[in-house]
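Below are the chains, spelled out letter by letter.
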Amino acid sequence: MPPLTNSLVEYSDSDSDSPPPAKVTKTIHPTTPSTNQSTTLTSKYSKTSSSNSLPPLPSRFHDLYAVAPRVGQQDDPSLHGGRKRSIPHVQGNWPTHVFIEWHLSRSEFDILNDAYHTASTITAETGLKLESHLQSDLGSEQPLHLSLSKPNVLTTAQREGFLELLRDRLDKTRIKPFSVEFTGFEFVSNNDRTRWFFVLSATKGEDTQLPRLLQLANHTFESFEQPPLYAEENGDKLDGFHVSLAWSLTGPDKETKTKVLEALKKHACWDKILGDREDGKLKLVIDAIKVKIGSVVHIIELGKKEKQGEPGNPKKRRASYDIHEKRNT
């Protein structure tokens, strides 16, 4: 395992600002049941209350609360832990980000949270504070992200065309759901070196599906004169995939990076994330990509061709994907 290195990565300043889902309270109006009804109800609710777990929420539920409320159009780093907006807000411009979202299970959260706390304990000794991407300021658990684009900008007139082109190209690739594993921990910075990130490096997928998705996103953005991610002057650099676990406003020195790596190697989380055993090894299953345009998150599922609808009626073809957009507007 090579030492933690300093790579340049473009990041959105809002990728860790997702608020916790709103609390939903269900009110039941009491009635006066008959004796038989009362017995049935008592049995029913007793059985329900004895359950130790609730069914998981649908994945799309999380997207309804994916964006924090805007507190103003002016950039105020004091409202965001010292972070500065990489793309100034301009009326008519829409920040656009293509990414893969990872909603962690309980065991996955515990493993990665252990790794974060191990790293943050060591960096704190040098005065460097690592802010977690795993939890919000209020302590609620948050999904993680693997980026497939820079935080680019589209105009109002470009939004629908970009999304339609991306969907069509993804449909033609016929990429099916797949999984990626992880190769190590790193500290990387954004291009402006205004933020550093503690990340978990990812593989490309068994059939290099991840580079194919990146290339598709890059080419679509280039069609709208937006820069690609992980690109060099001589062509595409289709690697560098990672999931960010934490961030800081300053970067660690070489000695601190070495200490973090050595501490993680001795921790139980190391084998669970990077060990040789296939059973129980941490993996990210990818069955959809998400496109965040402004405050709307669109889902494009892998391996499921869009319904063609009626000939000459393109709106019918997109119907199943417009439901989510309407819920967020």
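Residues numbered from 1 in each chain as written. Predicted model: local features only at pLDDT ≥ 70, side-chain atom pairs only at ≥ 80, totals over all residues. Heavy atoms only, no water.

## Considerations on the overall build of the protein chain
Stage number 1. Within the protein chain, the secondary structure is distributed over eight helices and 14 strands.
Stage number 2. Every one of the 329 residues in the protein chain was classed for burial, and the buried ones make up 42%.
Stage number 3. The long-range fraction of contacts in the protein chain, counting pairs at least 24 apart against all pairs at least 6 apart in sequence, stands at 77%. (Helix = DSSP H or I, 4+ residues; strand = E, 2+ residues; numbered from the N terminus. Buried < 20%, exposed > 50% of the residue type's maximum accessible area, 1.4 Å probe, protein only. Contact = heavy atoms within 4.5 Å.)

## Considerations on the pattern of salt bridges
Stage number 1. Counted by the stated rule, this structure contains seven salt bridges.
Stage number 2. Note that Asp-110 and Arg-106 form a salt bridge whose closest N and O atoms lie 3.3 Å from each other. With Asp-110 and Arg-106 both in helix α2 (residues 106-124) and four residues apart, this pair spans about one turn of that helix.
Stage number 3. Judged by its relative accessible area of 35%, Asp-110 is partly exposed.
Stage number 4. A salt bridge links Glu-181 to Lys-283, with the shortest nitrogen-to-oxygen separation between them at 3.7 Å. Placement of Glu-181 in the loop between β6 (178-180) and β7 (182-189) and of Lys-283 in the loop between α6 (268-274) and β12 (284-286) is noted, with a sequence separation of 102 residues between them.
Stage number 5. Given a relative accessible area of 30%, Lys-283 falls into the partly exposed group.
Stage number 6. A single salt-bridge network, built from bridges that share partners, covers Arg-106, Asp-110 and Glu-141. (Salt bridge = Lys/Arg side-chain N within 4 Å of Asp/Glu carboxyl O.)

## A short note on helix α5 (residues 254-266)
Stage number 1. When the terminal C-alpha atoms of α5 are compared, their 19 Å separation across 13 residues agrees well with the 18 Å that a helix rising 1.5 Å per residue should span.
Stage number 2. Turning to α5, its buried residues are Thr-256, Lys-257, Val-260, Leu-261 and Leu-264. Buried residues along α5 cover an arc of 135° about the axis, so they all sit on one side. For α5, the exposed residues lying more than 90 degrees away from the buried face are Lys-254, Glu-255 and Lys-266. (Expected span 1.5 Å × (residues − 1). Arc of directions from axis to C-beta.)

## Observations regarding the packing of α2 against α5
Each packed pair of helices is defined by two parameters, the angle between the axes and the distance between the axes.
Stage number 1. Between α2 and α5, the least distance of the axes is 9 Å, while the angle of their chain directions is 145°. Once α2 is placed against α5, the crossing between them reads as right-handed. Contact residues: α2 offers Ala-115, Thr-118, Ala-119, Ile-122 and Thr-123, while α5 offers Thr-256, Lys-259, Val-260, Ala-263 and Leu-264.
Stage number 2. Its residues assigned to classes, the contact of α2 with α5 comprises six nonpolar, three polar and one charged. (Axes fitted to C-alpha atoms, helices over the stretch in contact; angles between N-to-C directions. Left-handed = near helix turned anticlockwise from the far one by under 90°. Nonpolar A, V, L, I, M, F, W, Y, C, P; charged D, E, K, R; others polar.)

## As for helix α3 (residues 159-173)
Stage number 1. An ideal rise of 1.5 Å per residue puts 21 Å on 15 residues; α3 measures up with 22 Å between its terminal C-alpha atoms.
Stage number 2. Residues of α3 that are buried: Phe-162, Leu-163, Glu-164, Leu-166, Arg-167, Leu-170 and Asp-171.
Stage number 3. Phi turns positive one or two residues past the end of α3, at Arg-174, with a value near 55°.

## A short note on the UniProt feature "active site" (unreviewed entry) in the protein chain
Stage number 1. Under the local residue numbering, the UniProt record ascribes the feature "active site" (unreviewed entry) to His-145 and His-242. A maximum C-alpha distance of 8.5 Å places the annotated residues, which cover 98 residues in sequence, within one compact spot.
Stage number 2. Tracing the backbone through its elements, the reader meets His-145 in strand β4 (residues 144-147).
Stage number 3. For His-145, a relative accessible area of 18% translates into the label buried.
Stage number 4. Here Glu-101 takes part through its side chain, which lies 3.3 Å from a polar atom of the side chain of His-145.
Stage number 5. Tracing the backbone through its elements, the reader meets His-242 in strand β11 (residues 242-248). (UniProt positions renumbered as here; feature names shortened; annotations may be inferred. Polar contact = N/O pair within 3.5 Å; in protein donor to acceptor, adjacent residues only side chain to side chain.)

## With respect to the packing of aromatic side chains
Stage number 1. Taken as a whole and assessed by the stated rule, the structure comprises seven aromatic pairs.
Stage number 2. Judged by centre distance (5.5 Å) and plane angle (10°), the rings of Phe-185 and Phe-198 are stacked. Residue Phe-185 is found in strand β7, and its partner Phe-198 is found in strand β8 (residues 196-202); the two are separated by 13 residues along the sequence.
Stage number 3. Phe-185 sits in the buried class, given a relative accessible area of 1%.
Stage number 4. Here Phe-187 and Phe-198 contribute two aromatic rings whose centre-to-centre distance is 5.2 Å and whose plane-to-plane angle is 40°, an arrangement assigned as tilted. You can see Phe-187 sitting in strand β7 and its partner Phe-198 sitting in strand β8, a full 11 residues away along the chain.
Stage number 5. The cationic tip of Arg-195 hangs over the ring face of Trp-247; the distance from NZ or CZ to the ring centre is 4.7 Å. (Phe/Tyr/Trp six-rings, centres within 6.5 Å; stacked < 30°, edge-to-face > 60°. Lys NZ or Arg CZ within 6 Å of the ring centre and 35° of its normal.)

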